[in-house]
Every structure is written in C-alpha cells, then in structure tokens.
Amino acid sequence: MKFYPKSYFKSIIDINIDFLLKNNIKGVLLDIDNTLLDHKNNIVQGLEKWVEEAKSKNIKFCILSNTNSKKKAEKMSKLLDIPYVYFAKKPLKFGFNKAKAILKIEDSKEIAVIGDQVMTDVWGANRSGMYSILVEPINENDILVTKINRMFERRILKKYLKTNEKKDWS
C-alpha cells in the first residue's frame, strides 16, 4: 500500500545500522521536525553518534525537510555534517529527487527515508521508489495541517500495525 512504510520503529536511534546494510541502503534522507528535533528544537539523544556510526559504514546522508526555515535546516546540517534540502514540498517528488542527486546514488531503492509522517515522508518515499521508514513522532505538538494529517494517519497505522504485528524489524 502506498501509505504503508516498509519498516516502522519507535525512534531513529532504534534503527540498527546493520538493518540498513542488510536492506542494501546506501543513503538516508532524514526529516527534521518530530523525527530529529522536538518542538523546542531539542535533538534526539544519541542521534549524532548514530549518524557517525552509519557514516563509518559508508552510508550517506541528506536532510529532507518541509521546514521553510533555512536556518533550522542549516543548523542540523552543520551539527550532523550532512547536506540538506529544505522546503522540500513532501510528498511531491521534487525534494526527494533533489536529495537523491545530492547523494549521487542512482538506484532509489538504495535510499531510505526516515520520518514521522505517513502523509509526507512515507507516501513521498514510496512514490519515489525509496525505502520508507516511519518513526513515532517525538511529541504531540504539531502545526494545524499536521494535526489534520495525523487523524488520517491513525487509521492507516491501525490497519498497518494489525497486518504487520508479527513482523520483526531488527
């Protein structure tokens, strides 16, 4: 299903780097809001170490965010020492293709997209032929459009989890 993630984890740091390698992932696109940062701009604890470990296994990264704040995207980019695409207009393919070009990875299947929203991150990744990984939002504070999307997402996730409850993501 186009709205179902290929994998689902509680947090980005729960994604084992070997899991990415086992799935032939060579590049990762990272959402910012509610995936890497909470609404007060606090970073997920252990994120920098997780990214460094993945980089040491030759996994490339790019931030892919719908934020219209270049400053926020630049700050995360500098912190993690990775490139970024902001105002990506997810789920449209534009931002995904731009990030793919930055990573210089030909095969979209070798790129994972990690984010907290079904309607933007998962759907956009699936539309772009990339490996979609959904993580739980860090907190419940969302902008209005995201709150509306979350109502639809809850229904989708309920069905998704029911059909995938026995799946081992590790």
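Our structure is the block above this text.
Just so we're clear, the structure is a prediction, and the values are computed from it rather than from any experiment.

Asks: Please clarify how the pairing of strand S5 (residues 111-115) should be interpreted in this entry.
Replies: Remember that side chains alternate between the two faces of the sheet whenever the strand is regular. Extensive coverage of S5 is indicated by the burial of 5 of its 5 residues. Relative to S5, strand S2 (residues 27-30) is paired through 4 bridges, and the arrangement is parallel. Residue pairing in the sheet places Leu29 in a bridge with Val113 of S5. This β-α-β element, S5 to helix H5 (residues 118-127) to strand S6 (residues 131-135), shows right-handed connectivity.

Asks: What should I look at first to understand the pattern of salt bridges in this one?
Replies: Side chains bearing opposite charge may pair, as long as their charged atoms lie close to each other. On inspection of all chains with the given rule, the structure shows 6 salt bridges. Glu52 serves as the salt-bridge partner of Lys55, at 3.5 Å between the closest nitrogen and oxygen. Taken together, the residues span about one helical turn, with Lys55 and Glu52 both in helix H2 (residues 47-56) at a distance of 3 residues. In this structure, the salt-bridge partner of Lys90 is Asp121, at a minimum N-O distance of 2.6 Å. In this pair, Lys90 sits in the loop between strand S4 (84-85) and helix H4 (93-103) while Asp121 sits in helix H5, placing the two residues 31 residues apart along the sequence. On the basis of relative accessibility, which here comes to 2%, the residue Asp121 falls in the buried class. Within this structure, Asp31, Lys90 and Asp121 form a network of salt bridges that share partners.

Asks: Looking at this structure, how should I read the packing of aromatic side chains?
Replies: What describes a pair of aromatic rings is the distance from one ring centre to the other and the angle between the planes of the rings. Per the stated rule, a full pass over the model turns up 7 aromatic pairs. Centre to centre, the rings of Tyr4 and Tyr160 are 5.2 Å apart; their planes meet at 70°, and the pair counts as edge-to-face. Residue Tyr4 is found in the segment before strand S1 (7-9), and its partner Tyr160 is found in helix H6 (residues 144-164); the two are separated by 156 residues along the sequence. The same class applies to Tyr4 and to Tyr160, which are both buried. Centre to centre, the rings of Phe9 and Phe19 are 5.2 Å apart; their planes meet at 75°, and the pair counts as edge-to-face. Here Phe9, found in strand S1, pairs with Phe19, found in helix H1 (residues 17-22); they are 10 residues apart in sequence, far enough to count as distant. One aromatic cluster is present, built from ring pairs that chain together Tyr4, Tyr8 and Tyr160. For the cation-ring pair, Lys89 lies above Phe94, with the distance from its terminal atom to the ring centre recorded as 5.8 Å. The positively charged end of Arg127 is found above the aromatic ring belonging to Trp123, 5.8 Å away from the centroid.

Asks: Looking at this model, I keep getting lost on the environment of Val44. Mind explaining?
Replies: Relative to the assigned elements, Val44 resides in the loop between S2 and H2. With 94 residues separating them along the chain, Val44 and Ile138 place their C-alpha atoms 8.2 Å apart.

Asks: Looking at this model, I keep getting lost on the sheet that holds S2. Mind explaining?
Replies: Strand order in the open sheet formed by 6 strands is S1-S6-S5-S2-S3-S4, and the pairing between neighbours is parallel. A strand with exactly one partner marks an edge of an open sheet, and here the two such strands are S1 and S4. When S5 meets S6, the two strands line up parallel, connected through 4 bridges. Residue pairing for S6: Ile114 is matched across the bridge by Ile133.

Asks: Is there a simple way to explain the nonpolar core in this structure?
Replies: Soluble globular proteins tend to bury their nonpolar side chains together. Ile15, Leu20 and Trp50 are the most contacted members of the largest nonpolar core, which totals 29 residues. Broken down by secondary-structure element, the contributors of at least two residues to this core are H1, S2, H2, strand S3 (60-64), helix H3 (70-80), S5 and S6. Leaving out residues up to four positions away in the same chain, Trp50 has contacts with Ile12, Ile13, Ile15, Ile17, Leu20, Phe61 and Ile114. The next biggest cluster of nonpolar side chains, apart from the first, holds 13 residues, and it includes Leu64, Ala99, Ile111 and Ala125.

Definitions and limits used
Residues numbered from 1 in each chain as written. Predicted model: local features only at pLDDT ≥ 70, side-chain atom pairs only at ≥ 80, totals over all residues. Heavy atoms only, no water. Buried < 20%, exposed > 50% of the residue type's maximum accessible area, 1.4 Å probe, protein only. Helix = DSSP H or I, 4+ residues; strand = E, 2+ residues; numbered from the N terminus. Pairing = 2+ DSSP bridges. Right-handed = clockwise from strand over helix to strand, strands pointing away. Salt bridge = Lys/Arg side-chain N within 4 Å of Asp/Glu carboxyl O. Phe/Tyr/Trp six-rings, centres within 6.5 Å; stacked < 30°, edge-to-face > 60°. Lys NZ or Arg CZ within 6 Å of the ring centre and 35° of its normal. Core = buried A, V, L, I, M, F, W, Y, C linked by side-chain atoms within 4.5 Å. Contact = heavy atoms within 4.5 Å.

Everything listed is a geometric property; what it means functionally is a separate question.
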